[in-house]
Amino acid sequence: SEGVLTVDLDADTFDRVPRTQQTEAIGQIVLTMIRSLRRIGPVTFTLAGDPIPVKKGNNLPSEVGEALSYDDYVVLLATPRLSTDTTTTSTTTTGP
């Protein structure tokens, strides 16, 4: 069974993260915790022990204390580049 992980953010540290980068910071925490820890399901966030809303990967705010999943932040992951096949042709010409 998967448990809910609660991450209590330090107010001073979180305030130093620019608002424009908070989605990526929260996303990195969620994605890392879910992928790295066994039996961890959704992640919730608190600040000084109080549940808080955070921005999801789509930049919309979560509900206060909403349990966030990997799917809420998967849009932040870089998509793998498709490989392009190239064909190399060489021509050898011999003189008369």
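It should be emphasised that the depicted structure is a prediction, and the values quoted were computed from it without experimental measurement. (Residues numbered from 1 in each chain as written. Predicted model: local features only at pLDDT ≥ 70, side-chain atom pairs only at ≥ 80, totals over all residues. Heavy atoms only, no water.)

What's the story with unusual backbone geometry in this structure? I'm lost.
Most peptide bonds are trans, and most residues other than glycine sit at a negative phi. Phi is positive for Ala48, which is not a glycine, with a value near 55°. Here Ala48 is to be found in the loop between strand S2 (40-47) and strand S3 (50-51). Residue classification places Ala48 among the exposed residues on the basis of a relative accessible area of 66%. Unusually for a residue other than glycine, Asn59 sits at a positive phi of about 70°. Looking at the secondary structure, you find Asn59 in the segment after S3. (Helix = DSSP H or I, 4+ residues; strand = E, 2+ residues; numbered from the N terminus. Buried < 20%, exposed > 50% of the residue type's maximum accessible area, 1.4 Å probe, protein only.)

Explain the nonpolar core to me, please; I cannot follow it from the model alone.
Soluble globular proteins tend to pack their nonpolar side chains together in the buried interior. Grouped together as the largest cluster of nonpolar side chains are 15 residues, with contacts concentrated most on Leu9, Ile26, Val30, Val43, Phe45, Val54 and Tyr73. Secondary structure elements with two or more residues in this core: strand S1 (3-9), helix H2 (22-36) and S2. Here this core gets four residues from one element, more than from any other, and that element is H2. Sequence-distant contacts of Tyr73, defined by excluding residues within four places in its chain, comprise Thr23, Ile26, Gly27, Val30, Leu31, Val54, Lys55, Lys56, Gly57 and Leu68. (Core = buried A, V, L, I, M, F, W, Y, C linked by side-chain atoms within 4.5 Å. Contact = heavy atoms within 4.5 Å.)

So what exactly am I meant to see when it comes to the confidence of the model for the protein here?
Note: predicted coordinates in regions of low pLDDT should not be interpreted at a detailed level. Put simply, the protein has an average pLDDT of 83, and 80% of its residues get 70 or more. When pLDDT is averaged over each element of the protein, S3 comes out on top at 96 and helix H1 (residues 11-16) at the bottom at 90. In the predicted structure, residues 85-90 sits below a pLDDT of 50 and forms zero contacts with residues beyond four places in sequence or in another chain. (pLDDT = per-residue confidence, 0-100.)

Can you help me understand the pattern of salt bridges in this one?
Should the charged atoms of two oppositely charged side chains come close, the side chains can pair. Counted under the stated rule, the structure contains one salt bridge. One salt bridge in this structure joins Glu66 and Lys56, with 2.9 Å as the shortest N-O distance. Of this pair, Glu66 sits in the segment after S3 while Lys56 is found in the segment after S3, placing the two residues ten residues apart along the sequence. (Salt bridge = Lys/Arg side-chain N within 4 Å of Asp/Glu carboxyl O.)

Where do I start with a negative patch on the surface in this structure?
Residues Asp8, Asp10, Asp12, Asp15 and Asp50 make up a contiguous surface patch of negative charge. For Asp8, the position within the fold is in strand S1. For Asp8, a relative accessible area of 48% gives the class partly exposed. (Patch = residues over 30% accessible without salt bridge, like charges linked within 9 Å, V, L, I, M, F, W, Y side chains within 5 Å. Areas by Shrake-Rupley, 256 points an atom, 1.4 Å probe, with all protein chains shown as cover. Lys, Arg positive; Asp, Glu negative; His and termini not counted. Charge placed at Lys NZ, Arg CZ, Asp CG, Glu CD.)

Would you explain the side chain of Thr46 in this entry?
Position of Thr46 relative to the elements: it lies in strand S2. In this structure Thr46 comes out as buried when scored by relative accessible area, which is 10%. Leaving out residues up to four positions away in the same chain, Thr46 has contacts with Thr6, Val7, Asp8, Leu9, Pro51 and Ile52.

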